[in-house]
Amino acid sequence: QVQLVESGGGLVQAGGSLRLSCAASGRFSSIYAMAWHRQAPGKQREWVGNINTAGNTNYADSVKGRFTISRDNAKNTMYLQMNSLEREDTGVYYCAADYRTLNLGRLLDAWGQGTLVTVSS
């Protein structure tokens, strides 16, 4: 199984920047696409963006041009660079990953526990 651990969240003023990390560990054959999601207080979880193993990315319109997703395949780590943060970016940020198990080669997905980002005005 894969364990995902997010880090880097915190309190930042509007207009500021934060960099989140998502580190994968455990027993697995390969990690494929990885993604960031977020959940604002009182709202449903929403997709922020994703990245494949080749480094190709997609973003939600709300973060396009401000957020950048990258990954280091050698470290099994994904990053989310967040610039020009707005109050509306406040929420718990979760990472997710598609991976193949070591035994049986099953394709599964894993989620982290989340890291809180709070943007103040």
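In what follows, the structure referred to is the one given above.
Procedures and definitions
- Residues numbered from 1 in each chain as written.
- Predicted model: local features only at pLDDT ≥ 70, side-chain atom pairs only at ≥ 80, totals over all residues.
- Heavy atoms only, no water.
- Disulfide = S-S within 2.5 Å.
- Helix = DSSP H or I, 4+ residues; strand = E, 2+ residues; numbered from the N terminus.
- Buried < 20%, exposed > 50% of the residue type's maximum accessible area, 1.4 Å probe, protein only.
- Pairing = 2+ DSSP bridges.
- Axes fitted to C-alpha atoms, helices over the stretch in contact; angles between N-to-C directions.
- Polar contact = N/O pair within 3.5 Å; in protein donor to acceptor, adjacent residues only side chain to side chain.
- Contact = heavy atoms within 4.5 Å.
- Salt bridge = Lys/Arg side-chain N within 4 Å of Asp/Glu carboxyl O.

1. Quick notes on the state of the cysteines
Counted according to the given criterion, the structure contains 1 disulfide. Here C22 is linked by a disulfide to C95, with a sulfur-sulfur distance of 2.1 Å. Taking the torsion about the sulfur-sulfur bond, which here is approximately 65°, the covalent link between C22 and C95 counts as right-handed. Separated by 73 residues along the polypeptide, C22 in strand β3 (residues 18-26) and C95 in strand β9 (residues 91-100) bring together distant segments of the chain. Owing to a relative accessible area of 0%, C22 belongs among the buried residues under this scheme.

2. Let's talk about the sheet that holds strand β1 (residues 2-7)
Within the open sheet, the 4 strands sit side by side as β1-β3-β8-β7. Their pairing is antiparallel. Among the strands making up the open sheet, the edge pair consists of β1 and β7 (67-72). With strand direction ignored, the average angle separating the axes of adjacent strands in the sheet is 15°. With 6 bridges connecting them, β7 and strand β8 (residues 77-82) associate as antiparallel partners.

3. A few points about the pairing of β9
Of all 10 residues that make up β9, 7 are buried, and the element is covered over most of its length. Pairing of β9 with strand β11 (residues 115-120) involves 3 bridges; the strand directions are antiparallel. Note on β11: the bridge partner recorded for G91 is V117. The sheet contact formed by β9 and strand β10 (residues 107-111) spans 5 bridges and is antiparallel. Following the sheet pairing, D98 is matched in β10 by D109.

4. What to know about the side chain of T77
Topologically, T77 is positioned in strand β8. By relative accessible area, T77 is classed as buried at 9%. Among the polar contacts listed, one links the side chain of T77 to the backbone oxygen of K75, at a separation of 2.9 Å. Among all residues touching T77, those that are not within four sequence positions of it are S21, C22, A23, S70, R71 and D72.

5. Observations concerning the pattern of salt bridges
Tallying each qualifying case throughout the model produces 5 salt bridges. For E46, the salt bridge goes to R38, with nearest N and O atoms at 2.6 Å. Residue classification places E46 among the partly exposed residues on the basis of a relative accessible area of 35%. Residue R66 pairs with D89 through a salt bridge whose shortest N-O separation is 2.7 Å. Of the two residues, R66 is situated in the loop between β6 (57-59) and β7 and D89 in the loop between β8 and β9; the sequence distance between them amounts to 23 residues. Accessibility expressed as a relative area gives 11% for R66, which makes it buried. A single salt-bridge network, built from bridges that share partners, covers R38, E46, R66, E86 and D89.

6. So, the environment of F28
Structurally, F28 can be placed in the loop between β3 and β4 (30-39). The exposure class of F28 is buried, given its relative accessible area of 16%. C-alpha of F28 to C-alpha of Q3: the two residues are 25 residues apart in sequence and 9.9 Å apart in space. Once you skip the residues sitting within four places of it in the chain, F28 turns out to touch V2, N76, Y99, R100 and L102.

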